[in-house]
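Survey of secondary and tertiary structure
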Amino acid sequence: MSLQSCRTIHDILNLHRNHRSDAEAAVQGDERVSFATLSKRVDDRTRALLAHGVRRGDRVATLAPPSLEFFIDYLSVTSIGAIWQGLNPRYQLPEYEYLLNDAKPRLVFVHSPYEDRDYASELSALELDCRWIVRGETPNGATSDQAFLDAGAAITDAALEDARAAVEPEDIAVIVYTSGTTGKPKGAMLSQRAIVASARTNVEYFGEGLESTICAAPINHVGALNNVCMSVFAYGGKIVFYHRVDLAALGALTLAEKPTYLVASPTAFVMMHEAGQSADAGAMGSTKLLVFGGGVTPQVYLDPIAPHIDKMYNVFGQTECCGIGTATPHGASTELMAETIGDALPGHELRVARDDETVCDVGETGEIQLRGPICASGYWNNPEATKALFTSDGFLRTGDLGQRRADGYVAYVGRLKEMYKSGGYNIYPAELEQVLATHPAVLESVVMSVPHPKYQEVGYAFVVPKPGEQVSESDLDGYMRERLANYKIPKHWSVETLLPRLPNSKIDKQALRKRLEGFNAVQ
């Protein structure tokens, strides 16, 4: 068996168990786990799942920080065709209630207590038809994790193998809920086929550098599951788990474990600046491969890093394409990485299209659309949203705008729903934010629209200065006017100490939008 012949997620674990059984697969604290040991622990947990009635198509959730336990849950659940769901410890009770009522899992694994929250007690207030399996202090009405595992002894090898043999590539493996920046989260259904294709494509394209990584990203996000864990897992590398983003702790862990692969975002670069870390050889440590995306990353952030990294790629993707759908070419300049998202990964298609699904001309703005095996199967319990997700010829509508350049690569323009019209002109906030990012005193920014009686809509910019720096509205306005047409310049400014964040660390644009409700643009 080779990676190319793997049809399911469990096939990948079997591949590495058979060919590199003694190699390290995972590290957590003082615990170091080989592929052989990982396979045994996955088998034990899968037997317990079967003993508790979990079958193909059933949902099973995990509420936990980034951890070896979450990854074992995921590998176990998906190995028998059940559907795994990750829950972020930063969520509040109404969020858990919505997500669990939507997915209706048969079992929920709960890491409790964690960071002063007793999740087991909190969740007991919810009237849900599911069983709580608790790692930690187990309240009445819940099952301890050890008692759960003990029940698996009754499951025979034959029963385990039969359950796994029934799994098909098109079976849904994971439900990943979108961040909810435009409304209630929708559950993207990622199949065994999509996740395996994504991992295999990432291994084939990025290659050397995937030997090891640190996973400190929330488990409910494709960034943790696919971009970080599955890419390294499929490569046969080592995943080092740490339970949260703590720059000092992660720095010490980097020195100790020497990870070779780093996934970053504009937020990560901002956090480095906030912490006063310089992107020199020391800060990059042992990193050989840097993959970044999630928005426009200004060249001023990339130039200091590039000399210390063997390979860097700007990527574009979203939950609905398993995380990564495009990448810049091998050996791309920092200028190209700052200006474009490259092109579709091998074996996939990308087009920039108009509303009527015809392909845009070079330099014309349209929606970025993807087609290929990494794409989602649709949205859980939401046939209308599923229908709207795809074009008539099967391309995934990303909701992002781009332009195909003369060199063949695609420039990212912004979110389709964030574009606004001012005096008849299309304004793309991402373009304005990219210019603001070049201001020497600006750390990060968000541009939104507010109504205007003359121009219909005008820009409102939230700006966070770098630590120790100050900015004024007149300074920002003047800086922008030297670099952009006057109709693009925001007419309103708000200097902030920080911006609100979602649990996945993205900027909470809904919270900012609420602040602008009822705003009178004539002032």
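Details of the structure are given in the entry above.
The written sequence of each chain sets the order in which its residues are numbered from 1. Local features in this predicted model are restricted to residues whose pLDDT is 70 or higher, and side-chain atom pairs enter the listing and the counts only when it is 80 or higher, whereas totals over whole chains, interfaces and linings include all residues. To get the side-chain values, take all heavy atoms of the structure and skip hydrogens and water.

**Thoughts on the pairing of strand β3 (residues 59-63)**
Look at any regular strand and the pattern is simple: side chains alternate between the two faces of the sheet. Most of β3 sits inside the fold, with five of its five residues counted as buried. Three labels apply to residues, based on accessible area from a 1.4 Å probe with only protein chains included: buried if under 20% of the type maximum, exposed if over 50%, partly exposed otherwise in between. Counting from the N terminus, the helices are DSSP H or I runs at least four residues long and the strands are E runs at least two residues long. Taking every second residue as pointing to the same face, both faces of β3 are buried, with R59, A61 and L63 on one and V60 and T62 on the other. Two strands are said to pair when DSSP picks up at least two bridges between them. Sheet analysis places β3 next to strand β4 (residues 83-87), joined by five bridges and oriented parallel. Bridging from a neighbouring strand, T62 pairs with G86 of β4. With respect to chirality, the unit in which β3 leads through helix α3 (residues 68-79) into the neighbouring parallel β4 is right-handed. Bridge count for β3 against strand β5 (residues 107-112) is four bridges, and the pairing is parallel. Note on β5: the bridge partner recorded for A61 is V108. Think of it like this: strands point away, you trace from the first strand over the helix to the second, and a clockwise trace means the crossover is right-handed.

**Here's the deal with the layout of surface pockets**
Grid points spaced at 1 Å over the protein atoms alone were grouped into cavities, where a 1.4 Å probe fits but cannot get out, and pockets, open sets with protein on both sides within 12 Å along at least five of seven lines, with lining residues defined by an atom within 4 Å of a point. Grid points are joined across faces, edges and corners, and a volume is the space filled by probe spheres set on the points. Its boundaries defined by the atoms lining it, the second largest pocket holds a volume of some 230 Å³. What lines the second largest pocket is a set of 14 residues, and nearest its centre among them are A353, D355, E367, L401 and L416. Residue assignment for the lining of the second largest pocket shows that the elements contributing at least two residues are β18 (365-371) and β20 (396-404). Residue contributions to the lining of the second largest pocket peak at four residues, all from β18. Of the residues assigned to the lining of the second largest pocket, the class counts are five nonpolar, four polar and five charged. Under the scheme applied here, ten amino acids are nonpolar (Ala, Val, Leu, Ile, Met, Phe, Trp, Tyr, Cys and Pro), four are charged (Asp, Glu, Lys and Arg), and all others, including Gly, are polar.

**Side note on the state of the cysteines**
Note on terminology: pairs of cysteine sulfur atoms within 2.5 Å are recorded as disulfides. The final tally for this structure, using the stated rule, is zero disulfides. The cysteine C321 is free of any disulfide, with C375 supplying the nearest cysteine sulfur at 6.3 Å. Accessibility expressed as a relative area gives 0% for C321, which makes it buried. Overall, C375 belongs to the buried group, its relative accessible area being 5%.

**Overview of the packing of aromatic side chains**
The rule is short: rings of Phe, Tyr and Trp, with Trp giving its six-membered ring, pair when the centres are within 6.5 Å, and they are stacked under 30 degrees, edge-to-face over 60, tilted in between. Under the defined criterion, the tally for this structure stands at 16 aromatic pairs. Pairing Y460 with F462 gives two aromatic rings, centres 5.0 Å apart and planes at 45 degrees, and the pair type is tilted. Here Y460 falls in the buried class, since its relative accessible area comes to 11%. Residue classification places F462 among the buried positions, given a relative accessible area of 0%.

**A look at the packing of helix α2 (residues 35-51) against helix α7 (residues 157-165)**
Interaxial distance between α2 and α7 falls to 10 Å at its minimum, and their mutual angle equals 85 degrees. In this view, α2 runs roughly perpendicular relative to α7, as classed from their interaxial angle. Residue-level contacts link V42, D43, T46, R47 and L50 of α2 to D157, A159, L160, A163 and R164 of α7. Of the residues in the contact of α2 with α7, the class split is five nonpolar, one polar and four charged. Lines fitted to C-alpha atoms define the axes here, with helix axes fitted over just the stretch in contact, and angles between the N-to-C directions of these axes take values from 0 to 180 degrees. An angle below 35 degrees is treated as roughly parallel, one above 145 as roughly antiparallel, one from 65 to 115 as roughly perpendicular, and anything else as oblique. When checking whether two residues touch, look at their non-hydrogen atoms; a contact exists if any pair is within 4.5 Å.

**Quick look at empty space enclosed by the protein**
Per the stated rule, a full pass over the model turns up one cavity of 30 Å³ or more. The computed volume of the largest cavity comes to approximately 50 Å³. Lining the largest cavity, in full, are Q85, G86, L87, Y91, L99, I175, V176, Y177 and N220. Listing elements by their share of the lining of the largest cavity, those giving two or more residues are β4 and β8 (172-177). Of the residues contributing to the lining of the largest cavity, the split by class is six nonpolar, three polar and no charged.

**What about the nonpolar core?**
Counting residues in each nonpolar core, the largest one holds 70 residues, and the members touching the most others are L38, Y74, F206 and F233. Per-element tally for this core: the top contributor is helix α9 (residues 222-235), with nine residues. Not counting the four nearest positions on each side in its chain, F233 is found in contact with I9, I12, L13, H16, F35, L38, F71, L75 and I239. Put simply, a nonpolar core is a bunch of buried Ala, Val, Leu, Ile, Met, Phe, Trp, Tyr and Cys residues held in one set by side-chain atoms that sit within 4.5 Å of each other. Ranked by size, the runner-up nonpolar core spans 26 residues in total, among them I305, M337, A338 and V446.

**Concerning the sheet that holds β20**
Backbone hydrogen bonds are what pair the strands of a sheet, in a parallel or an antiparallel way. Read from one edge of the open sheet, four strands run β17-β18-β20-β21, paired in antiparallel fashion. Looking at which strands have only one partner, the edges of the open sheet turn out to be β17 (349-353) and β21 (410-415). Each neighbouring strand pair of the sheet contributes to a mean axis angle of 45 degrees, computed without reference to strand direction. Strand direction decides the pairing type here: β17 and β18, joined by five bridges, are antiparallel.

**So, the packing of α3 against α9**
In contact at an axis separation of 13 Å, α3 and α9 are set at 75 degrees when each is read in the N-to-C sense. Comparing their axes, α9 and α3 come out roughly perpendicular. For the pair formed by α3 and α9, the contact residues are F70, F71, Y74 and L75 on the first element and L225, C229, M230 and F233 on the second. Looking at the contact of α3 with α9 residue by residue, the class counts come to eight nonpolar, no polar and no charged.

**Overview of the sheet that holds strand β26 (residues 492-495)**
One open sheet holds the three strands; their spatial order is β24-β25-β26, and the pairing between them is mixed. Where the open sheet ends on each side, the last strands, each with one partner, are β24 (442-452) and β26. Taking each pair of neighbouring strands and ignoring which way they run, the sheet shows an average axis angle of 20 degrees. Where strand β25 (residues 456-465) meets β26, four bridges bridge the pair, whose relative direction is parallel. Its bridge partner lying in β26, F462 is registered against S494. Packing of helix α16 (residues 429-437) onto the sheet brings it into contact with β24, β25 and β26, and relative to β24 it is tilted by some 145 degrees. Packing of helix α17 (residues 473-481) onto the sheet brings it into contact with β24, β25 and β26, and relative to β26 it is tilted by some 125 degrees.

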